[in-house]
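Descriptive analysis of the structure
So you can see what is in the structure, the chains are spelled out below.
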Amino acid sequence: MKKILAAPFRLLAAMDWPARIGALIVLIYVIVAVFAPLLAPFGEAEVVGSQYDPWTSVHLLGTDNIGRDMLSRVIYGARNTIAIAIIATILAFLVGCSFGFTAAVIGGKVDVVISRVNDLFMAIPLLIFALMLLTVFGSSIAVLIIIIALLESTRVYRVARALAMNVVVADFVEQAKLRGEGLWWIATREILPNTIPPLTAEFGLRFCFVFLFISAMSFLGLGIQPPTADWGAMVRDNATLIGFGDITPLIPAGAIAVLTVAVNLVVDWFLHRASGLKEV
Amino acid sequence: MRRRDQGQPGSVLIDIKGLVVKAATEEGTTTILNGVDLTVHRGEVVGLIGESGAGKSTLGLACMGFTRGGVRFTAGSIHFDGVDITRLQEKELRENWGTRVAYVAQSAAAAFNPAWRLLLQTTETAVDQHIMTRFDARAKAVDLYRTMRLPAPERIGERFPHQVSGGQLQRAMVAMGMVCQPDLLIFDEPTTALDVTTQIEVLAAIREVVQRYNTAAVYVTHDLAVVAQMAHRIAVMRHGQVVEFADTRKLLSSPEHPYTRELLNVTNIPREPGGETGAEVVLTIKNVNAQYGAQKVLDDVSFNVRRGETVALVGESGSGKSTTARVITGLLAPTDGEVLFKALALPASYRNRTRDLLRQIQLVSQMPDTALNPRHTVRQVLSRPLKFYFGMTGAKCLDRVEELLRMIEMDPETFLDRRSSELSGGQKQRLCIARALAANPSVLICDEVTSALDRLVAKEILQLLLKLQQQLKVAMIFITHDLEVVRAIAHDVVVMKTGRVVEAGPIEKVFAPPHDPYTELLLSSVPQMDPDWLSELLGRRAAKAPDGDVAQRSNVYALLQRGTSPS
């Protein structure tokens, strides 16, 4: 148990400075997301002022198009968007890696069938496909997560299959096959441990894409539905203010940008380490 | 320091004094070279020999003032033609690289850019450094190709690296190094990855070109017999130091350092004579044919393996040795013929074999680095087959793991929880053997298990295998291209060539004259610890050929070519 608790600190100690800064920012976001109700001065959907109030000591970032506190909504937005993005990314990885590893280990016709079906899905532009599915199934949060996860899993599949292909040709996988091991053992014990570093890096990148994707959907009005706070939707709702020289709508956009950059700083370091491991 | 006049022949070209080279690692610094002295005269070939980690490659590279990443010179001096190159900036050094010093790497396949034609790569340095015009450089390259006895020297430069054989590529790489007529050539294990028969071609070519242009050379290798053919003087290295440095003949006839004596003795493996004759036949390979796609790789291969005996499969790369192993293990289904285990026909694919049949035949593969999952610990590696085949768990399993570790002479205390990536090459191979033995097999297939290892380590592994075979009475199929190894451990020999069995029988019979011509070629190609061996061999082979002088040599080469380029 002690070892597990110490692991994050050892990881932090091993990081270079940009990665540490990135990790720190991510940590702040996570804290904000977890403790949102404690940190936010007002409720998520509470109308507390008039439309488009300027920045005051009560409403630090003013109010939005229907008089809700902007700061509170930014804080709640972290919670909603990040949570959905993480769940969708994890789901995408579970699906993508399962299929990718299976295709790589079994190979032959199974590989061809899975890969071509995957190509078929990848051929349709992501956004249009998602918009279509959301229109058909309605945009509840569960549907949103499943659709994004499935669409992103096609990308994950490609990466997972390519990584697994490199490992599958190794003699130790041949040895496992000759021992009579099944697919599950080979995928989880032989391949997974040897693909974890690049997959983790891919997870970080994929998370950013999912996150931006959700924001984009919300901006278009098909993502997270009001009154639930979401950064993408907040940019859209308050976009008119930009015409008056008010930067408030850029703050949720900035929150998205900073998180994306921070995650990428950590991912970069991870990628570097993953490729460095190969040299040793 | 640009090229100056050619110095006096026989004058000192490289003078290394008290060289210390250190590498930065995560735990601090490790010393790779610790106070090395070495001199190389003009026109002289100096051999550097030692096991991996002895620092021989580092010393070879140091002769050109180069260190690998994270490695630096901390003390001592390297005078190249009177200039201390440890003090030069990389920019100044760069002017010499390729022009006055050239480097020939172990794997030509990895050193050539696969996207460019050979001739362009051969002449690149000379043209880029404005040593000669493109036209002159090309003429020079063709001339070198001819000296190196490459087939069709005028046209071979138009080929891409993947269009020539391994031995040809290695020679092209030597030509690349020689184009600017450097003062010094550094060879880093240039023939280690090649078959014995191909090795001879390359050795002969290197020797000829070095003699013809009177180039000094540093020849790095772990094979004393090879370096004995090439070098005037040999430096024996161990743990970052030169333990003995003497004339080749003197070193071979009267070695002073105990380590040198050990190296000289490396091929003498004591063994008990013969196995049990008439022991039960465990494995029968019966008229097996196999194909990769449309290409036939095995043609009517048959032989028997008896309990407690070792059958050696011998031949060059491409002869079908490893393919035979793939058919036996079920990785490749034969197109015709069958494999019988204790008189029962084995299913062609491993997928259709029962767990117990899979357990009975175990494979130890050539590269211990890739045969072990780098993320698994020794405990995980060994306990898996025990759990999988025998359902062992807990203390019983641990006892067996420890017993296996003791069998392969590795201390359980030290190694049990090490990751396999933290082991040395020899230890990894031991672990692979232990993993195979954990299954308690009837047949153990060893595919070139020693060829990736240093001579001394390989000897230990062979001795271990011999010991274990006597204890466990396991039948072994030993695949190798090294006939010294065969002589040391095999009871029966199967000589293969291009997928066919050329000669088979008890070792006493196969290795005693009269030989099949191909067996003869293989046997005579094994380097001997005699500095005159290569010259005598080439002379003998030339004498056998019928016509005039040049034709004779090229006939010998034609003979070698035929035997060596199935790929």
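Use the structure listed above.
Analysis parameters
Residues numbered from 1 in each chain as written. Chains lettered and ligands numbered in written order. Predicted model: local features only at pLDDT ≥ 70, side-chain atom pairs only at ≥ 80, totals over all residues. Heavy atoms only, no water. Axes fitted to C-alpha atoms, helices over the stretch in contact; angles between N-to-C directions. Helix = DSSP H or I, 4+ residues; strand = E, 2+ residues; numbered from the N terminus. Parallel < 35°, antiparallel > 145°, perpendicular 65-115°, else oblique. Left-handed = near helix turned anticlockwise from the far one by under 90°. Contact = heavy atoms within 4.5 Å. Nonpolar A, V, L, I, M, F, W, Y, C, P; charged D, E, K, R; others polar. Buried area = accessible area lost by both parts, 1.4 Å probe. Salt bridge = Lys/Arg side-chain N within 4 Å of Asp/Glu carboxyl O. Polar contact = N/O pair within 3.5 Å; in protein donor to acceptor, adjacent residues only side chain to side chain. Buried < 20%, exposed > 50% of the residue type's maximum accessible area, 1.4 Å probe, protein only.

So, the packing of helix α6 (residues 126-137) of chain A against helix α7 (residues 141-168) of chain A
Residues and elements named next belong to chain A. Remark: α6 packs on α7, axes separated minimally by 10 Å, with the N-to-C direction vectors making an angle of 150°. Classified by the angle their axes make, α6 and α7 are roughly antiparallel. Read as a crossing pair, α6 and α7 show a hand that is right-handed. Counting all contacts with α6, which are made through L126, F129, A130, L133, L134 and F137, the residues of α7 involved are V143, L144, I147, L151, E152 and R155. Of the residues contributing to the contact of α6 with α7, the split by class is 10 nonpolar, no polar and 2 charged.

A closer look at the interface of chain B and chain A
Taken together, the 21 residues of chain B in the interface contact 17 residues of chain A. Of the roughly 1800 Å² buried at the junction of chain B and chain A (both faces included), carbon and sulfur atoms supply 51%. The largest share of the area that chain B buries against chain A comes from N373, R375 and R384 of chain B, three residues that together contribute 30% of it. Where chain B packs against chain A, one counts 2 salt bridges. Linking chain B with chain A are 11 residue pairs in polar contact (both at pLDDT 80 or more).

Description of the packing of helix α18 (residues 425-438) of chain B against helix α19 (residues 455-472) of chain B
Residues and elements named next belong to chain B. In the contact formed by α18 and α19, the axes pass within 10 Å of each other and the chain directions differ by 15°. Accordingly, the angle class assigned to the pair α18 and α19 is roughly parallel. In the crossing of α18 with α19, the sense of the turn from one axis to the other is right-handed. Contacts between α18 and α19 pair G426, Q429, R430, I433 and L437 from the former with V457, E460, I461, L464, L465, L468 and L472 from the latter. The residue makeup of the contact of α18 with α19, split by class, is 8 nonpolar, 2 polar and 2 charged.

Side note on unusual backbone geometry
Residues and elements named next belong to chain B. Despite not being glycine, A152 has its phi angle at roughly 45°, a positive value. Structurally, the position occupied by A152 is in the loop between α5 (134-147) and α6 (153-156). Of the residues examined, A152 reaches a relative accessible area of 29% and is grouped as partly exposed. In this structure, E189 is a non-glycine residue whose phi angle is positive, near 50°. Note that E189 resides in the loop between β7 (184-188) and α8 (196-213). Owing to a relative accessible area of 8%, E189 belongs among the buried residues under this scheme.

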